[in-house]
Amino acid sequence: MIHKLRESAVSVIPVMAIVFLLNFTIAPLPPGQLPQFILGGVLLLLGLSIFLVGADIGMVPFGQRVGAALTHRRSLVLILVASFAIGFAITIAEPDVQVLANQVAGVAPGMDRTALLLMIAVGVGLFLVIAMLRVVLQLSLPLLLILFYIAVFIVASFVDPAFVAIAFDSGGATTGPITVPFIMAMGIGVAATVKRTDGADNSFGFVGLASIGPIAAVAVMGLFSPMDKNVDVANLAPAAETSLFEPFLQQLPHVSYDITMALLPLVAIFFIFQITLLRLPGQQVRRMVFGFIYAWIGLIIFMTGVNGGFTPIGRSLGMQLGVLADGWALLPVGLILGAVVVCAEPAVWVLTEQVEEVSGGSIRRSVMLGALSLSVAIAVTLGMLRVITGLSIWYILIPGYILALSMTKVCPPMFTAIAFDSGGVASGPMSTTFVLALTLGASAAIGGNPATDAFGMVAMIAMAPLITIQILGLVVKYVEGKSCKTT
């Protein structure tokens, strides 16, 4: 727990420092919001630490054993049915997805929130099935990525631009603090069991493929569901001044319910698998149950801090920055914010730890974090540029994905898989709450249309690591090749 607290402090304190600096310089917050932000940060730090402990002793080992158990049974039908059920169950109540759906419904009244949630969950379930088939049937990950993204872009070309931004945001928001540890652990379990594969290469790519599903599903939804572009900007206005604890106490019941609903399907699946497939010893079962309890408590504290402190302050800060120099102050702020905010994502710590473990230490966590910070910094800056200029998201997504998919042909397979996993985990709770809230507030202050200008920020955060991590892979490939020639 002490180790996790240190990790969380390194992640959260830089984000808080940026807000402090802006508050005392160019963007002073309304009275009472700075203490609210501080309390939210404390809750976020504590909750993140407890969650990471729970993920280590509960979700990750359970996911690994589920993946191994499914492949041991040698039943393809069982693998497909169980994968879809697990993907659907863990996504329908994923906190990040709930947050994004609330954000969309808040500014686009015509959007059916329930339909959006169901389509995202179906998309994840279907593509988790495909991810399983990739390993079991020895399918090429680069080929699958290229084919599915081409199909997604073809469908999205017929969809309203606002729906396109929300669709790609859905792909990033889906892979949050609950889905990432479980899906990645399942991938490691499956890859370790299928002996004829290179386990290190095939342990990753599950999150990357699962992220495509929501994009495709929401894009298809956009073909048949027109979207109301009359954004309700009133919902983006700062809340009236209240007591310090009131925003958090108001959030606690809703957050507790959402997190409970998020974990109940996993708990049910755990007991079903324990009875039918796993049959783990009592000591291991008790340890995993405690892990789920820690994760439940940690996520409640984390999301209460985020929703009660980070989201409203992010929106208010965005409005303050949006009126400075016609919004151009957003660019340097976005660059700095993007560089540090990715390190506050719970799933990033899970991913980088598993990458270091599976790679035998050849890919160090510090190198991964540095590459992710650089890529997300660029992504957030481009997102702020869209808010200021109204630039179409197509001018960023199309060149970015062409470059990312082209690199899959020359990049080492393991780095390609890690890159597409990194895109999913980089866009987690901090992106869907603080960064997206800041972008929505800035768009409203500038006088733009948040439905078309602000949404898409999560999508760009998810896209940037696809390029950066593959570049890192090419550098490693070059250095290793040069070393071999010298030897």
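Let us look at the structure shown here. Here the structure is a predicted model, which is why all the values come from computation and not from measurement. (Residues numbered from 1 in each chain as written. Predicted model: local features only at pLDDT ≥ 70, side-chain atom pairs only at ≥ 80, totals over all residues. Heavy atoms only, no water.)

This next bit is on the nonpolar core. In this structure, F62, F273 and F434 are the most contacted members of the largest nonpolar core, which totals 158 residues. Top element by residues in this core is helix α12 (residues 282–322). It accounts for 13 residues. (Core = buried A, V, L, I, M, F, W, Y, C linked by side-chain atoms within 4.5 Å. Buried < 20%, exposed > 50% of the residue type's maximum accessible area, 1.4 Å probe, protein only. Helix = DSSP H or I, 4+ residues; strand = E, 2+ residues; numbered from the N terminus.)

With that out of the way, let us pick up the pattern of salt bridges. Overall, the coordinates contain one salt bridge when judged by the stated rule. A salt bridge links K4 to D56; the nearest nitrogen and oxygen atoms lie 2.9 Å apart. One end of the pair, K4, is in helix α1 (residues 2–23); the other, D56, is in helix α2 (residues 33–72), with 52 residues separating them in the sequence. The buried category is assigned to K4, whose relative accessible area is 8%. (Salt bridge = Lys/Arg side-chain N within 4 Å of Asp/Glu carboxyl O.)

Further remarks concern the packing of aromatic side chains. In the structure shown here, the tally under the stated rule is 16 aromatic pairs. What links up through ring pairs into an aromatic cluster is the set Y149, F153, F168, W394, Y401 and F420. (Phe/Tyr/Trp six-rings, centres within 6.5 Å; stacked < 30°, edge-to-face > 60°.)

A contiguous nonpolar patch, built from I150, I154, F158, V220, L223 and F224 and spanning about 640 Å² of accessible area, is present on the exposed surface. Looking at the nonpolar patch, the elements that each hand over two or more residues are α6 (141–156) and α10 (206–224). By the secondary structure assignment, I154 is in helix α6. (Patch = residues over 30% accessible without salt bridge, like charges linked within 9 Å, V, L, I, M, F, W, Y side chains within 5 Å. Areas by Shrake-Rupley, 256 points an atom, 1.4 Å probe, with all protein chains shown as cover.)

Here α2 is 40 residues long and its end C-alpha atoms lie 54 Å apart, about the 58 Å a rise of 1.5 Å per residue gives. Roughly 50 degrees is the biggest bend found in α2, and it falls at A55. Burial analysis of α2 places 31 of its 40 residues in the buried class, the great majority of the element. Looking one or two places after α2, you find R74, whose phi comes out positive at around 60 degrees. (Expected span 1.5 Å × (residues − 1). Bend = angle between axes of the 7 residues up to and from the residue.)

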